Structure formats: C-alpha cells, structure tokens
Amino acid sequence: MPTPVRTRFAPSPTGYLHVGGARTALFSWLFARKNGGQFILRVEDTDEARNTEEARNAIFSGLRWLGLDWDEGHEADGDCGPYFQSERQDIYTRWFQKLQDTGRVYEDDGAWRFRFERKPITMHDLVCGEVTIDYTDASNTPDMVVRRSDGSFVFHFVNVVDDLEMKMTHVIRGEDHLMNTPKHLQLIEALGETPPAYAHIPLIMNADGSKMSKRDKGAAVHEYPERGFLPAAVVNFIALLGWSPKDDSELFPLSELIDRFSLEGINRSPSRFDWDKSMWLNQQHLLKLTPQAFAEAALPYVRSAGLDPTDQFPAIAASVQEKVQLLAEVPEAIRFYLREGVEFDPAALEKLAGNESAPTLLASLATSFRALPDWSSPKDAIAATATAAGAKPGQLMFPLRVALSGKTGGPDLDAILTILGRDESIRRIEQTVSTLQNA
Ligand code: GLU
C-alpha cells in the first residue's frame, strides 16, 4: 500500500489570516482531500513576542469559514501532537541531541551551529523544478545557527523536525521558503531521515504588479464575510490564484475543485490579485444558489443593516438575486420595499421630471390598477393604459419604476408590483404624481 498522503498548513500567528496563507492552506488541503490523505494544522508559534492569541483564533476561524477542516491539530485528534510549536520543546531537544551525537553541531558564542556538508544540494521541487545551492564554499554559505544561546531553536530546525515527526509526505508552501529548502534537506540528511516532497507556490501580486502585502485590499480573509462573499466563492477565487485547470473553466464548487486539483496545475509565474474578478466570481456563486438559500445567506446582512425583514422577505431577496455581486449590497437593493411610500433618488426624480407625459400616464395607470378584478397580472393594465393614451408600454415602464422604487434601476417590475401589492403600488404612484405636479 502506498504511504497515505499527509500535508500541513503551518502558519505563524503574527497577524490575521491573509490570502497568501489561505491559499497555502487551500492547496495543501485540496491535495490531501483529493488523495484521501490527512491535512494537519500546526501552529508555528515559537516567536512569543510576536504571536498573539487573537492571531491564532483568526487563523482557526478563517480556515473554518472557508471550510478547510483539519484532521489533526487544535481541537482535533491526532497522534503527533502537541500541534503548537510552543509546546514541543522536549521533542526539539531530543532531535537536537541526535545532531550532537553525530557531531553535526558545535558551540559558537553560546549558540549552536549546524555544520553544513560542503557539497551542492539539489532539490526537485514539484512546481519549481530543480533548484541547487552549492555549499562547497563556506564563505557564502556559513554554518547556520540552529539553537540560540538562550536555548531556543530557530525556525529551520523546528520546521524540519515537525515535518519529520508529523510524517509529512508533501510540503506545500509559499515560494518565499524555496531557498530555505536546501538547508532543510541538509538537516534531514544529517538526521538520517527521508525528506518529504516539496511544492513551492508562486507569490501573489497586486493588479499593478507590486507584491501583495497584508494591508492591501482583499488581503485579509476576515474581511470577506463582512463584505458579503460566500466561502465557496472565496475558495474558488483563491484556488485560481496560482492554479489553473486544463481548460478555461473558472467556476468551481468545492467538490469539483477537489476532483480537478493537481500540483501540475500550479503555475510557475506569480499570480495577480484581481478584485473585480473576485466580485464577479462571488456573483456567479450567488446566482447558483436557490432563491431560498440566497435569502438565508442575505438575511444576516439585512438584519445588521437595521432592516426588519417582513414575511415577504424570501420574495424580496429573490428579486435582487441577479442584481448584486456581494451579499452586503442586498440591504441597499431592497430598502425601497420596506419603507412607507417612495423616497426618490434625486437623479431618478430629475430624469422623470423631464418626461412631460409621465404624470398623466401614471395617474391613469393608478386608475386602471384600481379597476383590476385582482392583482394576478398588473402588467395587463400597463399595456392597456399605454395603448389608450397612444403610447407604447415601454414609455410607461420607466416612470413606473421610479414611482415604485425611487430609482432608475432595480428588480424586475413584475416582482416589485407583486411584492408591494395593489394598495402600496397605487399609493406610491399617486405620491409620485403629486411630487411631479408640485415640483
Ligand atoms: N511558519 C512558516 C510560515 O508561516 C511556515 C513555513 C512552512 O510552511 O514550512 O511561513
């Protein structure tokens, strides 16, 4: 039986979870899930001065929101714990002893240096190909400190020990660690162990080609829920930062991403972060929801905007499903339904005021609406009113839209009429007529 795949995400909790970290986690997670393997979350929190509990929690909640569950780590089982480096000092000391026993470390000013083998080290990265660092000349590759004079161990050492202890088969991480890997291979060889396979993924750039930093727009994962993104859309978007399928498709539910993901599909060149595309993808995911699921997803945004959703809310939400890119846009898009009467967007009112036939047409429409036997097909009255006035139904649509919603654009008129009902529709039309007449 082949060794089961084990991958990990090994964040240092020094800030919030950012898109680059989330992508590393996602690729490792996808690779594990695709191969029926295990995904481990290991927190690299040895830098006590910089690590905060808040940052740790931001990582957990960010991963959970994205749906990237871990098989071993914080609040999960696992035989290789503890999964916080700050709790693994004994393990590091034990492995350090091996280096001492084989004479591969020596003391230097209270610190301990690891003696590199003076030879070229070539790694075969699954994404970047062959990378060689030549250690022959000690003047440009001096022996590295692995244990500081205060007894603490450096990143390279604990990172390597943990990958061995936790039986990683594949290390998938950012390209910023590519040049560290030959050092890691030196350590692994000295410890008499077999290295995992490595895959280093290219950097993420801003749209203008500068390196994306933690402060750039879209960098913080916790801002995505606030802005009204669906987790599935963010996962989809992040997957496309550095990975592409063999064809041109772009819209993937999570299950399909797992099916299609491969390390061969990871691009060699840096990816560009495109905010507009993230919104477009979110919209595509929103459109795929059933109207009911859309309404449920939108509800918290509506509530936190202080709107009181009526029992008509499912229909109200459904009417704007095709109109928004982000769930946070829903409250503004539906606000006009929920207030008493109409409040005009000044530009819409101005446009309507320039339409001389509007007051008369709207007034006779109100009369026709009142005369309808029921409210099953108000559109018929629109056509009849326009024809009777020698106008085209289209000429009445715009005034009616402004009258009902106060805006120049928005949901389908049929939906608005149905949701507002006869009385409220007539009230808004009459309000509009008198506003126009008094203007
Ligand atoms: N703690 C390291 C980082 O956040 C992890 C490096 C690795 O994945 O090996 O950059």
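Now for a description of the structure that goes with this document. (Residues numbered from 1 in each chain as written. Predicted model: local features only at pLDDT ≥ 70, side-chain atom pairs only at ≥ 80, totals over all residues. Heavy atoms only, no water.)

## Quick word on unusual backbone geometry
Thinking step 1. In this chain, Gly81 is followed by Pro82 through a cis amide linkage whose omega measures -5 degrees.
Thinking step 2. As for its placement among the helices and strands, Pro82 is situated in the loop between helix H2 (53-66) and helix H3 (89-101).
Thinking step 3. One non-glycine residue, Lys167, lies in positive phi territory at about 55 degrees.
Thinking step 4. You can see Lys167 is positioned in the loop between helix H4 (155-165) and strand E8 (170-174).
Thinking step 5. Relative accessible area serves as the criterion here: at 53%, Lys167 is assigned to the exposed category. (Helix = DSSP H or I, 4+ residues; strand = E, 2+ residues; numbered from the N terminus. Buried < 20%, exposed > 50% of the residue type's maximum accessible area, 1.4 Å probe, protein only.)

## As for the site of the ligand
Thinking step 1. Surveying the vicinity of the ligand reveals the residues Arg8, Ala10, Ser12, Glu44, Phe155, Asn159, Arg173 and His177.
Thinking step 2. Arg8 places a polar side-chain atom, nitrogen or oxygen, 2.7 Å from an oxygen atom of the ligand.
Thinking step 3. Contact between the ligand and Arg173: an oxygen atom at 2.8 Å from a side-chain N or O atom of the residue.
Thinking step 4. When the free accessible area of the ligand is taken as 300 Å², the share hidden by the protein chains comes to 81%. (Near = heavy atom within 4 Å. Polar contact = N/O pair within 3.5 Å; in protein donor to acceptor, adjacent residues only side chain to side chain. Areas by Shrake-Rupley, 256 points an atom, 1.4 Å probe, with all protein chains shown as cover.)

## Remarks on the environment of Gly73
Thinking step 1. Relative to the elements of secondary structure, Gly73 occurs in the loop between H2 and H3.
Thinking step 2. In the structure, Gly73 is positioned 364 residues away from Gln437 in sequence and 69 Å away in space, judged by C-alpha atoms.
Thinking step 3. Leaving out residues up to four positions away in the same chain, Gly73 has contacts with Leu41 and Tyr83. (Contact = heavy atoms within 4.5 Å.)

## Brief notes about the nonpolar core
Thinking step 1. Leu26, Leu63, Phe114, Phe157, Trp243 and Phe273 are the most contacted members of the largest nonpolar core, which has 87 residues in total.
Thinking step 2. It is helix H1 (residues 19-34) that contributes the most residues to this core, 9 residues altogether.
Thinking step 3. Once you skip the residues sitting within four places of it in the chain, Leu63 turns out to touch Phe9, Leu17, Ala25, Leu41, Leu68 and Trp70.
Thinking step 4. Of all hydrophobic cores here, the second largest spans 43 residues; its members include Leu307, Phe313, Leu365 and Val433. (Core = buried A, V, L, I, M, F, W, Y, C linked by side-chain atoms within 4.5 Å.)

## Quick look at the sheet that holds strand E4 (residues 111-114)
Thinking step 1. Here we have 3 strands laid out as an open sheet, ordered E3-E4-E7, and antiparallel in their pairing. Looking along the sheet, the strands with just one partner apiece sit at the ends: strand E3 (105-108) and strand E7 (144-147). Mean inter-strand twist for the sheet, computed between neighbouring axes without regard to direction, equals 45 degrees.
Thinking step 2. Direction of pairing for E4 relative to E7: antiparallel, over a ladder of 3 bridges. Note on E7: the bridge partner recorded for Arg113 is Val145. (Pairing = 2+ DSSP bridges. Axes fitted to C-alpha atoms, helices over the stretch in contact; angles between N-to-C directions.)

## Side note on the pattern of salt bridges
Thinking step 1. On inspection of all chains with the given rule, the structure shows 28 salt bridges.
Thinking step 2. Here Arg118 and Asp143 are joined by a salt bridge, their closest N and O atoms 2.7 Å apart. Residue Arg118 is found in the loop between E4 and strand E5 (120-125), and its partner Asp143 is found in the loop between strand E6 (129-134) and E7; the two are separated by 25 residues along the sequence.
Thinking step 3. Arg118 gets classed as partly exposed once you look at its relative accessible area, which sits at 31%.
Thinking step 4. A relative accessible area of 13% places Asp143 in the buried class.
Thinking step 5. Taking the shortest distance from any N to any O, the salt bridge between Glu189 and Lys119 comes out at 2.8 Å. On the criterion of sequence distance, the pair formed by Glu189 in helix H5 (residues 181-190) and Lys119 in the loop between E4 and E5 is long-range, its members being 70 residues apart.
Thinking step 6. Take Lys119: its relative accessible area is 27%, and that puts it in the partly exposed class.
Thinking step 7. Because the salt bridges share partners, they merge into one network encompassing Arg8, Arg42, Glu44, Arg88, Asp162 and Asp163. (Salt bridge = Lys/Arg side-chain N within 4 Å of Asp/Glu carboxyl O.)

## Things to note about the side chain of Gln283
Thinking step 1. On the secondary structure map, Gln283 appears in helix H9 (residues 275-288).
Thinking step 2. Ignoring any residue separated from it by four or fewer positions in sequence, one finds Gln283 in contact with Glu322, Val324 and Gln325.

## Quick notes on the packing of helix H14 (residues 358-371) against helix H17 (residues 413-438)
Thinking step 1. In the contact formed by H14 and H17, the axes pass within 9 Å of each other and the chain directions differ by 145 degrees. As H14 runs across H17, the sense of the crossing is left-handed. On the side of H14, the interface is formed by Ala358, Pro359, Leu362, Ala363, Leu365, Ala366, Phe369, Arg370 and Ala371, while H17 contributes Leu417, Arg422, Ile426, Ile429, Glu430, Thr432, Val433 and Leu436. (Left-handed = near helix turned anticlockwise from the far one by under 90°.)

## Describing the side chain of Arg8
Thinking step 1. Take Arg8: it is sitting in strand E1 (residues 6-9).
Thinking step 2. Judged by relative accessible area, which is 4%, Arg8 ranks as buried.
Thinking step 3. A distance of 2.9 Å separates a polar atom in the side chain of Arg8 from a polar atom in the side chain of Asp163.
Thinking step 4. Setting aside chain neighbours within four positions, we find Arg8 in contact with Ser28, Phe39, Ile40, Arg42, Asn159, Asp163, Met168, His170, Val171, Ile172 and Arg173.

## Describing the packing of helix H13 (residues 346-353) against H17
Thinking step 1. Viewed as axis vectors pointing N to C, H13 and H17 meet at an angle of 70 degrees, and their least axial separation amounts to 11 Å. Relative to H17, H13 is oriented roughly perpendicular. Contacts between H13 and H17 pair Leu349, Leu352 and Ala353 from the former with Thr432, Thr435 and Leu436 from the latter.
Thinking step 2. Here the residues of the contact of H13 with H17 sort into 4 nonpolar, 2 polar and no charged. (Parallel < 35°, antiparallel > 145°, perpendicular 65-115°, else oblique. Nonpolar A, V, L, I, M, F, W, Y, C, P; charged D, E, K, R; others polar.)

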